[in-house]
Amino acid sequence: MIFTPQGGLKKNRMDWVLFFAVLVLLAIGTAAVFSSVTALPQQARIIRVQFMAIPIGLAVFAAAWSLNYQIYQDQWKFVYGFLLLFLAGVLLFGVVDKGARSWYRLPIFSVQPSEFARVGLILVLANFLDKRIGKIRELKTVLGAFALCLPVFFLLIKQPDFSAILINFPIVLLMLFAAGASLFHLSIILGYAFISALFPILWTIIVLNPELMDSSLISYFFHLSDSPWSALFFVAGMSVVAWLFWQLSVRLYANVSGVYFAGAALVLILGFFSGVVVKSQMKEYQQKRLEVFLSPESDPRGAGYNLLQARIAIGSGGIFGRGVFSGTQSRLGFVPERHTDFILAVVGEEMGFWGMLLVALMYAVLMRRVMQCARLARDRFGYLVNCGIFGMFLVYFGINFGMILGFSPVAGVPLPLLSYGGSNLVATLMALGIVESIYARRYALV
Amino acid sequence: MIDRQIPQDRLDLVWTLSYGLLLLFLLRLINLQVLNTAHYREIAEKNRTQIIAQSAPRGRIFSSDETAIATSKPSFSLIYFPGQLKAGVETDRMAMAISRQLGADYESIKGSISRAALREKPVRLAENLPPKAMLKLSELKAIYPGIDIIVEARRYYPFGAYLSHLVGYIGKMDTKEWASRSMDKNYSMDSRTGKAGLEKMYERELKGKDGGIFLEVDSRGRLNRVLESRKWAPGSDIFLTIDSKAQAAAEEGLEKSLTGKGAVVALDPRTGAVLAFVSMPDYDPNQFVLSGSEKDKISSGKTLPEFNVALQGSYPPGSIFKIITGAAILESGRLKPEETFFCPGYYDAGSRVFKCWEKKGHNKVDFITGLTKSCDVYFYNAGQRAGALTIEKYSRAFRLGQPSGIALPEEKGGNVFGPGPRAAKKSYWFIGDTLNLSIGQGETLMTPMQAVGMIAAVANGGLFHRPYYVDRIVRNDGQVTLKSKPEILSRAELKETTWTLIRDGLHNVVFEGTGQMAKITGAEMFGKTGTAQNPQGKDHAWFVAYATVNGQPSRVAVAVLVEHGLHGASAAAPIAKAVIEAVLREDLAVKKPELPFVGPPAEAPAVKPGARV
């Protein structure tokens, strides 16, 4: 329904700036994908899929745009149920590719449910937070949000698809933050995640620099997870330290609640145990990736090779690039996974600094528009959904650029709208369609 | 959306964070793509290119009459590019076919193919292919796409051992040399470099700029396409002062001599230009070019005859030293040249008797006769009168004891014998030493290079030039980059009458004395024979000579040493004659029949030092 105010101001039903940014990114992405696959044996299939995914994606985009987004809130149970069934089904009927059972094989193309699950999760979570907005500052709500995610994460681990969790976890945090959750609760979660990541990283650093073991304290720290007794000792030690700090604050009349000290100790202890679990669960290639990130030159022919070659590709592109279809690094196969996870290396080599700048700016425009749409949204649900989608793009953008520029470890994460990948493209365009739907149904006068 | 329950400023915070992230990435991008492009582009280029170096033809080496002594000829190599053909049954069949065509060992070819496939680098399967095999291999090339034939330039010495001690040879680099050259982009692991002589001294000029085939390969080393085929640039040509005819005469003469060992050096007394340079035994430099393995065979079998007799061989000069003694006698002013001594065939030094080489004696002998007949007794007497110190002084004036200064490595300077060095060793000088010194025996040592310097000085009036053998170096674009100029090192200041008397004596030596075998019709020959006693074996034969035509300044001086040649007159003089004839061939165009040989062949062995008679 279009509301026309007296002034004759007609409400725009489509955010054309956003759409323009999407088209530019799609064009760059398609050119880069075509250029990078020319030497690959599966070239024909990739081009076919890309040409199929773009119209399908645009169709889904149009459908999501025209459909009132509030229906997802009304029917959230169906959305959640469908999402769980979709993910569970792939464990039963899916096919294995690259060690993960995450694909439905259809007659013409394959579908990766985890890509759609991400959008579904954002919708379900937005509904949950919208309903609990009055009790958002209670721990119960935060835990409830994670409880809602838990089955999804569980099904993703079963595939296993760690990169999907890597993307989803920050999205959940960002939505909680945007909804106004207590900073204390969020920092506990963040601290917990930080510590469970910190322990494996510290241990890896020690492995990389064996001379550090000379110090008995570090040696003790390294062997902390070896026996249950030393772990128990660690738990007891942390509790005592926390208690001592609390006692100190009481003596100093600092008037700080003991809850904080207990919480800090708990986070540390839980983080430690999670760290041990993470370390034992880490596959060898993931361990290698972590090592390579911490010390890129340690293995130039092995795991570090990908990153090094991608960096050479980007660096050799220079300001103007070597021309589309003329990059030697990517076309001759020095850059691995060049049409998916390392698509930015192709862009950097062939289109140069200006190409990279264009991609980064288009991403910035896209994220800015999604954020503006959030502010304009008719209701809180729409606001939260937009925040989730903003978070999704932010995470993809940060990880992909960060990885290729050497700020974060190698993670098998594509760059939406640029990388080859039918499911990812369709799911992304669906998410953007929902954004446009929220925009189209915004308050008229703002 | 207006909703008091949601703190919207949190969204601003998130946006600020994203903005910071974007800025961080842009800074890093500028660092990578704008500031460090050249570095990364170089790595990317190295990644994708592989080079098959094609060695450039080395500069040619010509004699003064433009006969090529060292040149290059095309050589064909068989190359295998891995990747196009996977190692397996196909390559085994290919190895079989190639080994059948080349007559090479199947296992070794198969081995190099599989090694190349493993390392993903192109490899030379065979080098220096004969043209006959080329046609058949071209057929194989059509069947097996992984192999190719490239043409390279290979060093070639058309005359084999000819002038080998001056030209030197080239060969593979050893580890040490490669370490010092690895930074030079013009050298690769299997480049050949000069190992001795001219090839080593002028490596920089002779080595051209290598060409190469630049291949684009993918990440697995498979050949994608040929990027560029860079043409080589040949090295500079070197023109020597060597006269090819004189050189040939010297080589032939020395080869046919009694032992075939020794040295011949001919100079132009006007400039110091080397006209002929032979040292035997010599070697064929072609054998080192071919491959490393052949060199190993030779070096393991017998030692390489790299010893340069002309520069490094120090011999007692014997009677040719009488030129210096004569100069000392005349310059001392202690006796007149007309003064005679009686030669009964021996000289009684009181405690010992020193023989003359002619047992019958020479009767009354003056300076000219003494030199002509090479009468030892005259020089015993006259040398004593002149004094050992005077002789030592003039042997220094004739540059004994110091290298001639030719641009070749490890030249020896001979040895000065006399009271001075003896005193330095804190030892005594005896009368017998003076006698031995007078006739060039004792501790005096001379290299053939010094001998020719001495006779050239007689020819040109005492000038000692730095001997040189490179006349000019011409770059491949025709520009002369180096042109040698004569350089005077020192001058033996002797009175004009002294020179005249010595020259008269030397002329008489050839005309009627001991050196008659060197007589040339149409030219004035001046020479001196020498027979140097050798305690270790048979005597060495010396002959030094120069010639003038129609009173013009002399154009050639030559020194010949035949190791263990017994007699200077019979062994060395004919070689000198042949060399001088070759140099003066145009002046002697009307050749006259040689005179029949008459007279005594040579000096007899005179004195064994320390022998009592």
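Counting restarts for each chain: residues are numbered from 1 in the order of the written sequence. Chains carry letters from A onward and ligands carry numbers from 1 onward, assigned in written order. With the structure being a predicted model, the display of local features is reserved for residues of pLDDT at least 70 and the display and counting of side-chain atom pairs for 80 or more, all residues being used for whole-chain, interface and lining totals.

### Considering the overall build of chain B
Here a strand is any run of E in DSSP of at least two residues, a helix any run of H or I of at least four, and the numbering for each starts at the N terminus. When its secondary structure is counted, chain B shows 22 helices and 23 strands. Exposure criterion: with C-beta atoms placed from backbone coordinates, a residue whose C-beta has 20 or more other C-beta atoms within 10 Å is buried, one with 12 or fewer is exposed, and one in between is partly exposed. Residues classed as buried in chain B amount to 47% of the 613 residues present. Here, residue contact means that the backbone-derived C-beta atoms of the two residues sit within 7 Å. The contacts of chain B with a sequence gap of at least 6 include a subset with a gap of at least 24, amounting to 74%.

### Points about the overall build of chain A
Secondary structure summary: chain A contains 17 helices and three strands in total. Here chain A holds 446 residues, and 43% of them are scored as buried. Restricting the contact set of chain A to residue pairs at least 6 apart, pairs at least 24 apart contribute 71%.

### Remarks on the sheet that holds strand β12 (residues 274-280) of chain B
All names here are of chain B. At least two DSSP bridges between two strands are needed for those strands to be called paired. The five strands lie next to each other as β12-β11-β23-β22-β21, forming an open sheet whose pairing is antiparallel. Since the sheet does not close on itself, it has two edges, and those belong to β12 and β21 (524-532), each with one partner. Between one strand axis and the next, the sheet turns through 10 degrees on average, direction left out of account. Relative to strand β23 (residues 556-562), strand β11 (residues 262-267) runs antiparallel, the two being bridged by six bridges. Each residue of the ladder has a partner; that of A266, found in β23, is V558. Axis angles are defined between N-to-C directions and span 0 to 180 degrees, where every axis is a line fitted to C-alpha atoms and, for a helix, only to the segment in contact. Docked against the sheet, helix α22 (residues 568-583) engages β11, β12, β21, β22 (540-548) and β23, running at close to 30 degrees with respect to β22.

### Looking at the packing of helix α14 (residues 322-332) of chain B against helix α16 (residues 376-386) of chain B
Residues and elements named next belong to chain B. Following both chains from N to C, one finds α14 and α16 inclined at 50 degrees, their axes separated by 9 Å at the closest point. Between α14 and α16, the crossing angle belongs to the class labelled oblique. Relative to α16, α14 is oriented so that their crossing is left-handed. Across from K322, T325, A328, I329 and S332 in α14, the residues of α16 making contact are F379, A382, G383 and A386. Polar here means any residue outside two lists: the nonpolar Ala, Val, Leu, Ile, Met, Phe, Trp, Tyr, Cys and Pro, and the charged Asp, Glu, Lys and Arg; Gly therefore counts as polar. A per-class count over the contact of α14 with α16 returns five nonpolar, three polar and one charged. Angle categories are assigned with fixed cut-offs, so that under 35 degrees is roughly parallel, over 145 is roughly antiparallel, 65 to 115 is roughly perpendicular, and the rest are oblique. Throughout, a crossing is termed right-handed when the near helix is turned clockwise from the far one, and left-handed when it is turned anticlockwise from it by less than a right angle.

### Observations regarding the interface of chain B and chain A
On the side of chain A, 37 residues touch chain B, which itself brings 33 residues to the contact. Among the elements of the structure, α1 (9-35) and α2 (37-48) of chain B are those that each provide at least two residues to the side of chain B that touches chain A. Of the residues forming the side of chain B that touches chain A, the biggest block, 14 residues, is contributed by α1(B).

### Observations regarding the confidence of the model for chain B
Residues and elements named next belong to chain B. Mean pLDDT for chain B: 80, with 89% of residues reaching 70 or above. Per residue, pLDDT captures the predictor's confidence, and it can take any value from 0 to 100. No element of chain B has a lower mean pLDDT than helix α12 (residues 292-301), which averages 46, and none a higher one than α1, which averages 91. With pLDDT under 50 throughout, residues 291-302 is counted as low confidence; its partners more than four residues away or in other chains account for eight contacts. When the criterion is pLDDT under 50, residues 597-613 qualifies, and its contacts beyond four places in sequence or with other chains add up to 40 contacts. Prediction confidence for the complex, expressed as pTM and ipTM, is 0.62 and 0.87 respectively.

### What to know about the pairing of strand β10 (residues 237-240) of chain B
Residue and element names in this part refer to chain B. Because side chains alternate across β10, one face comprises the buried residues D237 and F239, and the other comprises I238 and L240, equally buried. Inspection of the sheet shows strand β2 (residues 61-62) paired to β10 by two bridges, in the parallel sense. By the bridge assignment, F62 is partnered in β10 with F239. Bridge analysis of β10 against strand β18 (residues 470-474) gives four bridges, and the strand direction is antiparallel. Opposite F239, over in β18, you have R472 as the bridge partner.

### Concerning helix α17 (residues 388-397) of chain B
Since the α-helix turns once every 3.6 residues, residues separated by three or four places project in the same direction. All names here are of chain B. In terms of residue burial, α17 counts as a mostly covered element, since seven of its 10 residues are buried. All buried positions along α17 are accounted for by A388, T390, I391, E392, Y394, S395 and A397. Those residues of α17 that are buried are in contact with α14, α16, α18 (419-424) and α19 (431-438). Count one or two residues on from α17 and you reach R399, which has phi positive near 65 degrees.

### Re unusual backbone geometry
Note the cis peptide between Q159(A) and P160(A), where omega equals -5 degrees. For P160(A), the position within the fold is in the loop between α6 (139-158) and α7 (162-179). In the segment running from M280(B) into P281(B), the intervening peptide bond is cis, with an omega of 5 degrees. Counting through the fold element by element, P281(B) comes out in the loop between β12 and α11 (286-290). At S374(B), a position not held by glycine, the phi torsion is positive, near 55 degrees. Residue placement: S374(B) occurs in the loop between α15 (367-373) and α16.

### With respect to the sheet that holds strand β2 (residues 100-105) of chain A
With respect to topology, three strands assemble into an open sheet ordered β1-β2-β3 (chain A), the strand pairing being antiparallel. Each edge of the open sheet is held by one strand with a lone partner, namely β1 (95-97) and β3 (110-111) of chain A.

### Here we look at the packing of helix α1 (residues 16-37) of chain A against helix α2 (residues 43-66) of chain A
The description of two packed helices rests on the angle between their axes and on the distance between the axes. Residue and element names in this part refer to chain A. In contact at an axis separation of 10 Å, α1 and α2 are set at 170 degrees when each is read in the N-to-C sense. One finds that α1 runs roughly antiparallel with respect to α2. Taken as a pair, α1 and α2 cross one another with a handedness that is left-handed. Here L26, T30, V33, F34 and V37 of α1 lie close against α2, whose contacting residues are Q43, I46, I47, Q50 and I54.

### Here we look at the pairing of β18(B)
Looking along a regular strand, one sees side chains alternate from face to face of the sheet. All names here are of chain B. Burial analysis of β18 places four of its five residues in the buried class, which makes it a mostly covered element. Summarising the sheet, β18 and strand β19 (residues 480-483) pair through three bridges and their orientation is antiparallel. Bridge assignment links R472 to a residue of β19, and that residue is K483. Linking β18 back to β19 in an antiparallel pair, the connection comprises five residues, with G478 at a positive phi of about 95 degrees.

### Here we look at the nonpolar core
In these notes, a nonpolar core means any group of buried Ala, Val, Leu, Ile, Met, Phe, Trp, Tyr and Cys residues linked to one another through C-beta atoms within 7 Å. One finds V265(B), A266(B), V558(B) and V579(B) to be the most contacted residues of the largest nonpolar core, which totals 133 residues. If one sorts the elements of this core by residue count, α22(B) sits on top with 11 residues. Of the residues that make up this core, three or more belong to each of domain 1 (50-74 + 149-240) and domain 2 (244-282 + 308-583) of chain B. Not counting chain neighbours up to four residues away, the residues in contact with V265(B) comprise V274(B), A276(B), F277(B), A310(B), P448(B), M449(B), V452(B), V558(B) and A559(B). With 116 residues, the next largest nonpolar core counts V142(A), C387(A), A431(A) and I434(A) among its residues. Here the limits of each domain have been adopted from an automatic or database domain assignment.

### Some words on the environment of I488(B)
Residues and elements named next belong to chain B. Relative to the helices and strands, I488 resides in strand β20 (residues 488-491). Put simply, I488 and R466 are 22 residues apart on the chain and 6.2 Å apart in space, counted from C-alpha to C-alpha. Apart from residues lying up to four places away in sequence, I488 is in contact with L463, F464 and H465.

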